[in-house]
Amino acid sequence: MQCQNCNERPAAIHLTQIENDSVTSVHLCEQCAHDKGIETHVSVAKFPITDFLASMGKGAMGHLPAGDSAVTCTLCGASLQDFRDSGRLGCHQCYQSFRPQLKALLRRLHGSSQHMGERYGVAPTAADGAGGGPSVRDLKEQLQQAIQTEQFELAAELRDRIRVAE
C-alpha cells in the first residue's frame, strides 16, 4: 500500500479515527507522518522498573540501604549499587546475595515480602496449623460467607484454594 500523502513510498503508519460513527483511515509513509507531527517511533524505557518506581515519586530504589552498596553477588559480581542504578539483578544468585535488602524493598512496595499467589500477604506461621494455612473446613465456611455477601471474586479464590487443599 502506498502513502496516501505522497504516493511515492510504502505506507508504514496506519491510523484509524472514529468520530461520530464515521471511520476514517489514513496510511502514511514514515517521512510524511513525521512531517505531519505524528511520532513514528515509540520509545521504550531502557529500564522500565526503575522508571516506574521513580515515577511513583517515592524513588523506592533510593530506599535501599546505602551502607550495603559494597555487598556484591558471589556469582556475577553485581553490586547493590548496580541494582539501584539499573533496577535489574545480574543473575539468579543475586536474589540470595541481596536477600535482606530486597526483602525490605518488597515490604515497602507491597506491604509484605511473602508472595502468596496473585498478591502479597502475611507469611503463614506455625500457629496457622500443620498445613501452613486455614483448614478446608474454615475455607468452606469463608466460601459460604463470601457467597452470602456476594463477594464473588473472593468466593472464586476460596473455591480454588479448597480444590488445591483437597
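Presented here is an overview of the structure given in this document.

What counts, and at which threshold
Residues numbered from 1 in each chain as written. Predicted model: local features only at pLDDT ≥ 70, side-chain atom pairs only at ≥ 80, totals over all residues. Heavy atoms only, no water. Helix = DSSP H or I, 4+ residues; strand = E, 2+ residues; numbered from the N terminus. Buried < 20%, exposed > 50% of the residue type's maximum accessible area, 1.4 Å probe, protein only. Areas by Shrake-Rupley, 256 points an atom, 1.4 Å probe, with all protein chains shown as cover. Axes fitted to C-alpha atoms, helices over the stretch in contact; angles between N-to-C directions. Parallel < 35°, antiparallel > 145°, perpendicular 65-115°, else oblique. Left-handed = near helix turned anticlockwise from the far one by under 90°. Contact = heavy atoms within 4.5 Å. Nonpolar A, V, L, I, M, F, W, Y, C, P; charged D, E, K, R; others polar. Expected span 1.5 Å × (residues − 1). Arc of directions from axis to C-beta. Core = buried A, V, L, I, M, F, W, Y, C linked by side-chain atoms within 4.5 Å.

Regarding the overall build of the chain
Of regular secondary structure, the chain possesses seven helices and four strands. Its helices and strands taken in sequence order, the chain reads β-β-α-α-α-α-α-β-β-α-α from the N to the C terminus. Scored against the burial criterion, the 166 residues of the chain give a buried share of 22%. Total accessible area on the chain stands at roughly 12,000 Å², and carbon and sulfur atoms take up 51% of it.

Here we look at the packing of helix 6 (residues 136–148) against helix 7 (residues 152–165)
Two numbers describe how helix 6 lies on helix 7: the axes approach to 9 Å, and their chain directions differ by 160°. As judged from the angle between their axes, helix 6 and helix 7 are roughly antiparallel. Our pair here, helix 6 against helix 7, has a crossing hand that is left-handed. Taken together, the residues of helix 7 that come into contact with helix 6 (itself represented by Val136, Leu139, Lys140, Gln142, Leu143, Ala146 and Ile147) are Phe152, Leu154, Ala155, Leu158, Arg159, Arg161, Ile162 and Ala165. Looking at the contact of helix 6 with helix 7 residue by residue, the classes come out as 11 nonpolar, one polar and three charged.

A closer look at helix 7
The end-to-end C-alpha distance of helix 7 is 20 Å, a good match for the 20 Å that 14 residues give at a rise of 1.5 Å each. Of all the residues in helix 7, the buried ones are Ala155, Leu158 and Ile162. Viewed end-on, helix 7 has its buried residues packed into an arc of 65°, placing them on one side of the element. When the buried face of helix 7 is taken as reference, the exposed residues oriented beyond 90 degrees from it are Glu153, Arg163 and Val164. Contact partners of the buried residues in helix 7: helix 6.

Brief notes about helix 6
For helix 6, built from 13 residues, the straight-helix expectation of 18 Å at 1.5 Å per residue is met to within 8% by its first-to-last C-alpha distance of 18 Å. Residues of helix 6 that are buried: Leu139, Leu143 and Ala146. Each buried residue of helix 6 lies within a common arc of 65° when the element is viewed along its axis, so the set occupies one face. Those residues of helix 6 that are exposed and aimed more than 90 degrees away from the buried face are Arg137 and Gln148. In this structure, the buried side of helix 6 is in contact with helix 7. Of the residues flanking the end of helix 6, it is Glu150, one or two places downstream, whose phi is positive at about 60°.

Section: the nonpolar core
One finds Cys73, Ala78, Leu80, Phe83, Cys91, Cys94, Phe98, Leu102 and Leu105 forming the largest nonpolar core, which totals nine residues. Within the residue set of this core, elements represented by two or more residues are helix 3 (80–86) and helix 5 (99–110). Among residues more than four places away in sequence, those in contact with Cys94 are Cys73, Cys76, Ala78, Leu89 and Leu102. Core analysis: the next-biggest nonpolar cluster, separate from the first, contains seven residues, Cys3, Cys6, Cys29 and Ala33 among them.

Digging into the environment of Gln96
Tracing the chain through its elements places Gln96 in helix 4 (residues 94–97). A C-alpha to C-alpha distance of 8.2 Å links Gln96 and Cys73, two positions 23 residues apart in sequence.

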